[in-house]
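Chain and residue survey
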Amino acid sequence: MTPEENTGERLPERKTHREELTTDQQIRRRTLKAFAWFGLAALVPAGIWKWITTRPRAGGIPAPFRKALQANEAVAGSYFSPTHLAPTFPKERAARKVRVNGWDGLKTALDPEAWRLQVEQPGKPALQLTLDDLKTLPKQEIIFQFKCIEGWSQIQHWGGVRFADFVEKYDLGRRPGSGERFGYVGMKTPDGGYYVGIDMPSALHPQTLLAYEMNGEPLTVPHGAPLRLIIPVKYGVKNLKRIGHIWFSDDRPRDFWAERGYDYHVGL
Ligand SMILES: Nc1nc2c(c(=O)[nH]1)N[C@H]1C(S)=C(S)[C@@H](COP(=O)(O)O)O[C@H]1N2
Ligand SMILES: [Mo]
């Protein structure tokens, strides 16, 4: 005796029908149903994907992706601290054969004698500095784990001047009115083939260097001679080689890899 018969209720139509199906038929039905769900599940994301990719673009990528990146960036901004230092290592741990990655902005010939660091500031004449000018500042060395977004890292040894000391010495990057510092630093190669934007707190971080040496020797061309940025609080992409121009602004300066879909800050 089934419970239904016990309470005198009629069996629902569908159940009666199913009970008439053979086991084989039931299996086939379930399989079909599973396939239908699977098809539906595949269709919905396809629709969403189409929606995402047809949205207006923001900063070179579809706006929904940019929004997600901006949310990540807000989080990244909140855990950055100027007192948090990247771990450093003894000199013996530094790689002798240092990896080379990225040639954008390095493809044109460069005369090291004619090179000047061009520093632009609103309302002031541009500075044109030689390497010797920079070398009057205290030399700072760092041995840290350089990290490329492509998945490799290496302990490397760099020497140069602190970006913070450089900004202090030439009194750079202040807004004309208030005298407060601008929000961002822009940097690019002399030919403009590679460019990065750095938020001011990261630029002024005590481990951020304008580097002119690697393993105690002058920089080589593939590593960014005559001057490059070393910024241990960021991934490799921000460590611009062969700096030609530096400028300051409250708008985010253009950034080569951010325009190609990466997070703007790529903080570590
Ligand atoms: N001018 C310039 N700087 C650049 C790049 C580039 O392509 N051009 N690539 C970046 C990337 S992705 C990395 S990982 C580091 C690599 O520095 P290295 O070649 O000294 O190892 O340089 C960064 N700076
Ligand atoms: Mo990189």
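Residues numbered from 1 in each chain as written. Chains lettered and ligands numbered in written order. Predicted model: local features only at pLDDT ≥ 70, side-chain atom pairs only at ≥ 80, totals over all residues. Heavy atoms only, no water.

Here we look at the packing of aromatic side chains
- All told, the structure shown has nine aromatic pairs when counted by the stated rule.
- Ring centres of Tyr184 and Tyr264 lie 6.1 Å apart, and the angle between their planes is 90 degrees; on these two criteria the pair is classed as edge-to-face. Residue Tyr184 is found in strand β7 (residues 184-188), and its partner Tyr264 is found in the segment after β12 (245-249); the two are separated by 80 residues along the sequence.
- Measuring from centroid to centroid gives 5.2 Å for Phe256 and Trp257, while their planes differ by 75 degrees, and the two rings are edge-to-face.
- Taken together, Tyr194, Tyr195, Phe256, Trp257 and Tyr262 form an aromatic cluster joined through their ring pairs.
- Over the ring of Tyr264 we find Lys238; its NZ or CZ atom is 4.2 Å from the centre of that ring.
- The positively charged end of Arg254 is found above the aromatic ring belonging to Tyr195, 4.4 Å away from the centroid. (Phe/Tyr/Trp six-rings, centres within 6.5 Å; stacked < 30°, edge-to-face > 60°. Helix = DSSP H or I, 4+ residues; strand = E, 2+ residues; numbered from the N terminus. Lys NZ or Arg CZ within 6 Å of the ring centre and 35° of its normal.)

Thoughts on the site of ligand 1
- Within the structure, ligand 1 sits among 20 residues, and Arg99, Asp104, His223, Arg228 and Lys241 are positioned closest to it.
- For ligand 1, an oxygen atom lies 3.5 Å from a polar atom in the backbone of Gly102.
- Asn239 is positioned with one of its backbone polar atoms (N or O) 3.0 Å from a nitrogen atom of ligand 1.
- Notes on ligand 1: free accessible area 530 Å², of which the protein chains cover 98%. (Near = heavy atom within 4 Å. Polar contact = N/O pair within 3.5 Å; in protein donor to acceptor, adjacent residues only side chain to side chain. Areas by Shrake-Rupley, 256 points an atom, 1.4 Å probe, with all protein chains shown as cover.)

Focus: the nonpolar core
- Leu117, Phe163, Phe166, Met187, Leu210, Ile246 and Phe248 are the most contacted members of the largest nonpolar core, which has 34 residues in total.
- Elements with a minimum of two residues in this core: β3 (117-121), α5 (131-135), α6 (163-169), β7, β8 (195-199), α7 (200-203), β9 (209-214) and β12.
- The contact partners of Leu210, leaving out residues within four places of it in the chain, are Gly160, Val161, Phe163, Phe166, Met187, Leu227, Arg228, Leu229, Ile243 and Ile246.
- Of all hydrophobic cores here, the second largest spans 13 residues; its members include Cys148, Trp158, Leu209 and Ala211. (Core = buried A, V, L, I, M, F, W, Y, C linked by side-chain atoms within 4.5 Å. Buried < 20%, exposed > 50% of the residue type's maximum accessible area, 1.4 Å probe, protein only. Contact = heavy atoms within 4.5 Å.)

Considering the pairing of strand β6 (residues 153-162)
- In terms of burial, β6 is largely enclosed, as eight of its 10 residues are buried.
- As judged from the eight bridges shared by strand β5 (residues 140-147) and β6, these two strands associate in the antiparallel manner. When the sheet's bridge partners are listed, Gln140 is paired in β6 with Gly160.
- By the bridge criterion, five bridges tie β6 to β9 in an arrangement that is antiparallel. Paired with Gly160 across the two strands is Ala211, which belongs to β9. (Pairing = 2+ DSSP bridges.)

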